[in-house]
Each structure stands twice: as structure tokens, then as C-alpha cells.
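Letter by letter, the chains look like this.
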Amino acid sequence: MPGDNAAKALIDTLNGLLADYFALYLKTKNYHWHVKGPQFHDLHLLFDTQATELFALTDVIAERVRKNGGSTLTSIGAIAGRTAIADDDRSGVDAMAMVAALRDDNAALVKRIRAAKAAATEAGDNATEGMADDWTDQAEQRVWFLSSILG
């Protein structure tokens, strides 16, 4: 039977993942709002679709934390303190630089999801372990789409 330390590690890992999802959601929305150039229409729609996907999983991940007996992130400061996703406060970023940044951030997210899956396995949380496969698939699809744009 998994120990208390494994459960605490899972909660900590999930909260880090939750912070990453929120940070990547905001970054993706920022790019959605500020993208310019010949591919504006397509990128504007793609970024919005991807942001919607990211935001939809925040509640699911937070509920996994709660179902495992933990407390979730409580503020923007808590998110900022836990995320591995770098902010981009600029509004005039080149469209292809946006695509590259989001590709790299989603690739990093895949690694964080895999760490969460490993923590779930260690803690005996089969539900989170199974969900992580879907989260990975979605993030890998975002990486693929963004990589394909870059050629």
C-alpha cells in the first residue's frame, strides 16, 4: 500500500502541473490576443482552441488534488510560485516566435505530466495515472500542430 510520502509527493506534483496549466493557458491567450501577420486568422483560432483545452483541464487536475486529500493552489501568486512555464509579458512578439514558445512549453508540459503519472503510480492513484495518458496525448498533439507550423 502506498505511503503518506507518496501521496504528499503526488499532491505536490499535481499542484505544480496545475500551475503549469494555468500559466500556459494565460500565455496562450496572450498570444491569441496579440498575434499579427499573414497567418493571423489561423493562429488566432489555433491559440484559442489550445487555450480552451488547457483551461478545461485545470479543474480536473485541481479535483485530483482534492480527491487525494490535498489543498490546491489558491492565488495568482501561488501559481507563479509553482510554474515552470516562463511568462511572456510582451504584446509585440513575432507570430512564429509565439508558435515556437508554445511548442516548447507544451513539450515541457509533457514531461511534467509524465512526472505526475509516475507520482500517481507510486501513490496507487489509478484514476490520475489513467487520466495522465489523455493529458499527455493532448499536449503531444499541441506540440505536433505547433511544430508542423514551423516546418
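So, here's what we can say about the structure. (Residues numbered from 1 in each chain as written. Predicted model: local features only at pLDDT ≥ 70, side-chain atom pairs only at ≥ 80, totals over all residues. Heavy atoms only, no water.)

Thoughts on the environment of Leu17
Here is step 1: Within the fold, Leu17 resides in helix α1 (residues 4-34).
Here is step 2: A relative accessible area of 0% places Leu17 in the buried class.
Here is step 3: The spacing of Leu17 and Ala139 is 122 residues in sequence and 12 Å in space, taken between C-alpha atoms. (Helix = DSSP H or I, 4+ residues; strand = E, 2+ residues; numbered from the N terminus. Buried < 20%, exposed > 50% of the residue type's maximum accessible area, 1.4 Å probe, protein only.)

A few points about the packing of α1 against helix α4 (residues 95-123)
Here is step 1: Look at α1 against α4: their axes get within 9 Å of each other, and the N-to-C directions meet at 165°. By the criterion of interaxial angle, the relationship of α1 to α4 is roughly antiparallel. Here α1 runs over α4; the crossing is left-handed. (Axes fitted to C-alpha atoms, helices over the stretch in contact; angles between N-to-C directions. Parallel < 35°, antiparallel > 145°, perpendicular 65-115°, else oblique. Left-handed = near helix turned anticlockwise from the far one by under 90°.)

Some points on the packing of aromatic side chains
Here is step 1: Scanning the model with the defined rule gives 4 aromatic pairs in all.
Here is step 2: Aromatic pair Phe22 and Phe55: ring centres 6.4 Å apart, planes at 70°, arrangement edge-to-face. Taken as a pair, Phe22 in helix α1 and Phe55 in helix α2 (residues 40-67) lie far apart in primary sequence, 33 residues in all.
Here is step 3: Geometrically, the ring pair formed by Tyr25 and Phe55 is tilted, given 5.0 Å between the ring centres and 40° between the ring planes. (Phe/Tyr/Trp six-rings, centres within 6.5 Å; stacked < 30°, edge-to-face > 60°.)

Some points on the environment of Thr74
Here is step 1: The residue Thr74 is located in the loop between α2 and α3 (76-82) in this model.
Here is step 2: Overall, Thr74 belongs to the exposed group, its relative accessible area being 72%.
Here is step 3: Placed 43 residues apart in sequence, Thr74 and Lys117 show a C-alpha to C-alpha distance of 23 Å.

Considering the packing of α1 against α2
Here is step 1: Where α1 contacts α2, the two axes come as close as 8 Å, and the packing angle between them is 160°. As far as their axial angle goes, α2 and α1 are roughly antiparallel. Considering the relative orientation of α1 and α2, their crossing is left-handed.
Here is step 2: Tallied by class, the residues present in the contact of α1 with α2 amount to 17 nonpolar, 6 polar and 3 charged. (Nonpolar A, V, L, I, M, F, W, Y, C, P; charged D, E, K, R; others polar.)

Considerations on the nonpolar core
Here is step 1: If you look at the biggest cluster of nonpolar residues, it comprises 41 residues, and the most contacted ones within it are Leu17, Tyr21, Phe47 and Trp135.
Here is step 2: For this core, the elements supplying multiple residues, two or more each, are α1, α2, α4 and α5 (126-150).
Here is step 3: Setting aside residues up to four positions removed in sequence, Leu17 forms contacts with Ile61, Leu109, Arg112, Ile113, Ala116 and Trp135. (Core = buried A, V, L, I, M, F, W, Y, C linked by side-chain atoms within 4.5 Å. Contact = heavy atoms within 4.5 Å.)

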